Every structure is written in C-alpha cells, then in structure tokens.
Amino acid sequence: MTALRIFEWPSKVLEVPAQEVVLFDNALRAFVADMHDTMKETAGIGLAANQVGDLRRIVTIEIPSVRNDKSEKSATEEPKWWHNKRFTFINPVVTNSEGTDRWQEGCLSFPDIFDFVERASEVWVKAFDENGKEFEVHADGLFAVCLQHEIDHINGIVFFKRMSKLKSDRIKAKMLKRGNIHVDA
Ligand SMILES: [Zn+2]
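Parameters at a glance
- Residues numbered from 1 in each chain as written.
- Predicted model: local features only at pLDDT ≥ 70, side-chain atom pairs only at ≥ 80, totals over all residues.
- Heavy atoms only, no water.
- Phe/Tyr/Trp six-rings, centres within 6.5 Å; stacked < 30°, edge-to-face > 60°.
- Helix = DSSP H or I, 4+ residues; strand = E, 2+ residues; numbered from the N terminus.
- Buried < 20%, exposed > 50% of the residue type's maximum accessible area, 1.4 Å probe, protein only.
- Lys NZ or Arg CZ within 6 Å of the ring centre and 35° of its normal.
- Expected span 1.5 Å × (residues − 1).
- Core = buried A, V, L, I, M, F, W, Y, C linked by side-chain atoms within 4.5 Å.
- Contact = heavy atoms within 4.5 Å.

Colleague: Would you mind showing me how to read the packing of aromatic side chains here?
Modeller: To describe a pair of aromatic rings, you give the distance between the ring centres and the angle between the ring planes. Considering all chains together, one arrives at 12 aromatic pairs under this definition. Ring geometry for tryptophan 9 and phenylalanine 110: centres 6.2 Å apart, planes at 15 degrees, overall stacked. A residue pair is termed long-range when its members are at least 10 positions apart, and tryptophan 9 in the segment before α1 (26–42) and phenylalanine 110 in strand β5 (residues 110–119) qualify at 101 residues. On the basis of relative accessibility, which here comes to 6%, the residue tryptophan 9 falls in the buried class. Looking at phenylalanine 110, the relative accessible area reads 1%, which means it is buried. A network of ring pairs unites the aromatic residues Trp81, Trp82, Phe87, Phe89, Phe135 and Phe143 as a single cluster. The aromatic ring of phenylalanine 7 is capped on one face by arginine 5, whose charged end is 4.0 Å from the ring centroid.

Colleague: Just checking my understanding: could you explain helix α2 (residues 141–154) for this structure?
Modeller: At 3.6 residues per turn, the α-helix brings residues three or four places apart onto the same side. The end-to-end C-alpha distance of α2, which contains 14 residues, comes to 21 Å, matching closely the 20 Å that a straight helix rising 1.5 Å per residue would cover. Backbone geometry just after α2 places glycine 156 at a positive phi near 80 degrees.

Colleague: Help me understand the nonpolar core in this model?
Modeller: Buried together is how nonpolar side chains tend to be arranged in soluble globular proteins. Core analysis: the largest hydrophobic core is formed by 23 residues, its most contacted members being Ile61, Phe89, Phe143 and Leu147. Those elements that provide at least two residues to this core are β2 (58–61), β3 (87–98), β6 (122–128), β7 (134–140) and α2. Beyond its immediate stretch of four places on either side in the chain, phenylalanine 143 contacts Ile61, Ile63, Trp81, Trp82, Phe87, Phe89 and Val137.

What follows is the structure, given as structure tokens:
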C-alpha cells in the first residue's frame, strides 16, 4: 500500500494539461495501484494524476454506496451499477453529454472546501484501462460529476474555474491564507 503525496492548490502541476499515456507497462500499473491506494488512504472518491504530481492523463474513481461526506445528496442516492467499483480511466475522452445538474463538490487538492458546481448530468466517456484495453461508460449521478471533475484536472482545470469569480476568489484567498506547505516550487 503506497499512498502518494497530494499536491494542493496553488501547486502549478494542478493547472498544467497532462499528456497522453503511450506506454501501458508494469510501471504504469504500479502507479495506478498507488493512485487507488491514495484514494483509500484519503477517503477520496476520485483522483487525477496531476494531484499526485504526475502529468499523465490518468484518472481513478471508486465511489462507495455509503458515504460520510458533506454532499447533501449522498444520503438519498440510490444504489447504482458504478458504486463500489474500481475504475481506471487512461486518456479519457467525453464523447457525449446531456442535461445539467448542480452538486456540492470537494477536492483532495482543496482540503475542507466544498461548493456547488454546475455540470452535465450524464456523460459518455471512452478510455483505456491500465492494460491498454479500450472501454466506454455511460455515467450519471455522482459518477458523472466525479468523471467531469477529474477530466478537468487532467486538462489543468481546477474546480473553482467552474464557479463565479466571487466564489473562486473566496476559495483562492482561503487556500493562500493557509500558507500551504505542500506547494511545489
Ligand atoms: Zn479534485
């Protein structure tokens, strides 16, 4: 079990678009396993490689059916096929999206900050798993939200960029006031 260090904003790596993965080897699979371990350790439901300082297009997701977080919908959400499943999305591409929904989102790179973001309510995403096998999912609910949040990460977009200027300024000020000790040079 190897938990990786989480980079918090304003680490630069969070705002740089990541590169396509071209080599699906054992080193990649070991890194993906470490990303899943890191989510377990931090009780995160999604993680992008940028958040652990790696600029490859890799996203891991695992959403427990019972959660203890601040999302107001967590208590009411019905069991779905994607609950309690370990997903790895490499080079993910959103091929279609539908509807809009607002969820209160959190982010491991912004500890203790939660705010509403508007996103598509359903997305279709094509990606490769860690063995290089292509697959496609149709995501709804929190899975759709999480996928869009993490795909934003690998495009160098942090969640406050999806909020109003007022809200994002407030979040930035809060993070800067903390005197973040995990910022890279
Ligand atoms: Zn995040």
